[in-house]
Amino acid sequence: MVFSKFFPIVYVHNLTNNTIEKIHFKFEGMRSDISIKKIKVKSIKSEAIITKGAKEETELVMYYYDENNNKHEHIIFDRLVWGYRKDIKIDIIGINEDNSYKLKIETDVIDS
């Protein structure tokens, strides 16, 4: 039996020494944001990004709130569109002075 993958998977790897709480993903045309509730130290979590609402090229944005309730946003991928299937890997490699995350992003990781 052969399985086909129809949507990209976003892998988030927490390389910090802190547990990451509540990060979210969104794009224009998305019905509701996708959330990852907790990523423990040195752990990886993943979520499928259902691109059905992305009728035109749009940006995939990751956002989160720091302990002071300041919102931080990062453009993860700027060419998301319906039918895009390649995976995206995000390494959270540190925390900046303003409490935003230092990221290493790899796009077009896997084409299944």
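Going by the structure above, here's the rest.
Heads up: these notes are all about the structure in this document. Small disclaimer: the values here were computed from a predicted structure and weren't measured.

## What about the nonpolar core?
Logical step 1: Counting residues in hydrophobic clusters, the biggest one holds 23 residues, and the most contacted among them are Val12, Ile23, Phe25 and Leu60.
Logical step 2: Once you skip the residues sitting within four places of it in the chain, Ile23 turns out to touch Val12, Ile34, Ser35, Ile36, Ile39, Met62, Tyr63, Tyr64 and Tyr101.

## What to know about the pairing of strand β2 (residues 20–26)
Logical step 1: Relative to strand β3 (residues 34–39), β2 is paired through five bridges, and the arrangement is antiparallel. What sits directly across from Ile20, in β3, is Ile39.
Logical step 2: Sheet analysis places β2 next to strand β5 (residues 58–65), joined by four bridges and oriented antiparallel. When the bridges of β5 are listed, Phe25 appears paired with Met62.

## Considerations on the pattern of salt bridges
Logical step 1: For the structure shown, the criterion picks out four salt bridges.
Logical step 2: In this structure, the salt-bridge partner of Glu73 is Lys26, at a minimum N-O distance of 3.1 Å. Of this pair, Glu73 sits in strand β6 (residues 71–80) while Lys26 sits in strand β2; the two residues are 47 residues apart in sequence, bridging distant segments of the chain.
Logical step 3: Where salt bridges share partners, they join Lys26, Lys71 and Glu73 into one cluster.

## With respect to the sheet that holds β5
Logical step 1: Spatial strand order, β3-β2-β5-β6: four strands in an open sheet with antiparallel pairing. Strands at the two margins of the open sheet, each flanked by one partner only, are β3 and β6. Within this sheet the neighbouring strands show an average axis-to-axis angle of 20°, counted without direction.
Logical step 2: The pairing of β5 with β6 spans seven bridges and is classified as antiparallel. Within β6, the position partnered with Tyr65 by the bridge is Lys71.

## Some words on the sheet that holds strand β7 (residues 88–95)
Logical step 1: Taking strand neighbours across the sheet as the criterion, the four strands line up as β4-β1-β7-β8 in an open arrangement whose pairing is mixed. In the strand order of this sheet, the two ends are held by β4 (44–48) and β8 (101–106), each with one partner. With direction set aside, neighbouring strand axes in the sheet form an average angle of 20°.
Logical step 2: Direction of pairing for strand β1 (residues 9–14) relative to β4: antiparallel, over a ladder of five bridges. When the sheet's bridge partners are listed, His13 is paired in β4 with Ile44.

What counts as what
Residues numbered from 1 in each chain as written. Predicted model: local features only at pLDDT ≥ 70, side-chain atom pairs only at ≥ 80, totals over all residues. Heavy atoms only, no water. Core = buried A, V, L, I, M, F, W, Y, C linked by side-chain atoms within 4.5 Å. Buried < 20%, exposed > 50% of the residue type's maximum accessible area, 1.4 Å probe, protein only. Contact = heavy atoms within 4.5 Å. Pairing = 2+ DSSP bridges. Helix = DSSP H or I, 4+ residues; strand = E, 2+ residues; numbered from the N terminus. Salt bridge = Lys/Arg side-chain N within 4 Å of Asp/Glu carboxyl O. Axes fitted to C-alpha atoms, helices over the stretch in contact; angles between N-to-C directions.

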